[in-house]
Amino acid sequence: MKDLTRDNCKETPGQLVPVVDFNKCEAKGPCIEECPYDVFEMQTITREDYSKLGFLGKLKTRAHGNKKAYVVKPEQCHSCGICVIACPEKAIKLKKAS
């Protein structure tokens, strides 16, 4: 993994926000552990989010305890990309904040 630290997070908070693809997320948690700004939190998937999953996404979700990494503090994201690199499923992308 590329050596990224809080020092690499130079963007103004809230310019970009992480978006988690719940069909790919397997709730392994490195995004939570590696994010220096506590943007993520592991939570039980909501019924609404679960209903939007494809068949394989639903199977994966059940296999991983119905947990997903949720973006709970998007305004604190400094766009460093540590979460993107840390995610083994490549389930996180940074997108322009709306």
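Residues numbered from 1 in each chain as written. Predicted model: local features only at pLDDT ≥ 70, side-chain atom pairs only at ≥ 80, totals over all residues. Heavy atoms only, no water.

J.: What is the right way to look at the overall build of the protein chain in this model?
T.: Along the backbone of the protein chain there are four helices and four strands. Over its C-alpha trace the protein chain gives a radius of gyration of 13 Å, about what one expects of a compact globule, namely 13 Å for 98 residues. If you line up the protein chain on its principal axes, its C-alpha atoms span 40 × 30 × 15 Å. For the protein chain, the proportion of contacts with a sequence separation of at least 24, taken over those separated by at least 6, is 79%. About 6,100 Å² of surface is accessible on the protein chain, with carbon and sulfur atoms providing 50% of the total. Taking the average place of the 17 positive charges on the side chains of the protein chain and the average place of its 13 negative ones, the gap between the two points comes to 7 Å. (Helix = DSSP H or I, 4+ residues; strand = E, 2+ residues; numbered from the N terminus. Rg over C-alpha atoms; globule rule 2.2 N^0.38 Å. Contact = heavy atoms within 4.5 Å. Areas by Shrake-Rupley, 256 points an atom, 1.4 Å probe, with all protein chains shown as cover. Lys, Arg positive; Asp, Glu negative; His and termini not counted. Charge placed at Lys NZ, Arg CZ, Asp CG, Glu CD.)

J.: Explain the pattern of salt bridges to me, please; I cannot follow it from the model alone.
T.: Pairing is possible between side chains of opposite charge, provided their charged atoms come close. Counting across every chain of the model gives four salt bridges. Linking Glu-89 and Lys-28 is a salt bridge whose minimum nitrogen-to-oxygen distance equals 3.2 Å. With Glu-89 in the loop between helix H4 (82-86) and strand S4 (92-96) and Lys-28 in the loop between strand S1 (16-20) and helix H1 (30-34), this residue pair connects regions lying 61 residues apart in the sequence. Given the relative accessible area of 14%, Glu-89 is considered buried. (Salt bridge = Lys/Arg side-chain N within 4 Å of Asp/Glu carboxyl O. Buried < 20%, exposed > 50% of the residue type's maximum accessible area, 1.4 Å probe, protein only.)

J.: What should I look at first to understand a nonpolar patch on the surface in this one?
T.: A cluster of nonpolar side chains, contributed by Phe-55, Leu-56 and Leu-59, occupies part of the molecular surface with about 350 Å² of accessible area. Inspection of the secondary structure puts Leu-59 in helix H3 (residues 55-63). Owing to a relative accessible area of 40%, Leu-59 belongs among the partly exposed residues under this scheme. (Patch = residues over 30% accessible without salt bridge, like charges linked within 9 Å, V, L, I, M, F, W, Y side chains within 5 Å.)

J.: Whenever I open this one, the environment of Lys-24 confuses me. Can you help?
T.: On the secondary structure map, Lys-24 appears in the loop between S1 and H1. Owing to a relative accessible area of 33%, Lys-24 belongs among the partly exposed residues under this scheme. Lys-24 sits 66 residues away from Lys-90 along the chain, and the two C-alpha atoms are 7.3 Å apart. Discounting chain neighbours no more than four positions away, the residues touching Lys-24 are Lys-60, Glu-89, Lys-90 and Ala-91.

J.: Any chance you could explain the nonpolar core here in plain terms?
T.: Side chains of a nonpolar character, in soluble globular proteins, are inclined to be buried together. Residues Val-20, Phe-22, Cys-31, Val-39, Phe-40, Ile-45 and Ile-92 are the most contacted members of the largest nonpolar core, which totals 18 residues. Excluding residues within four positions of it along the chain, Phe-40 makes contact with Pro-18, Val-20, Cys-31, Ile-32, Cys-35, Ala-69, Tyr-70, Val-71, Val-72, Cys-83 and Ile-92. (Core = buried A, V, L, I, M, F, W, Y, C linked by side-chain atoms within 4.5 Å.)

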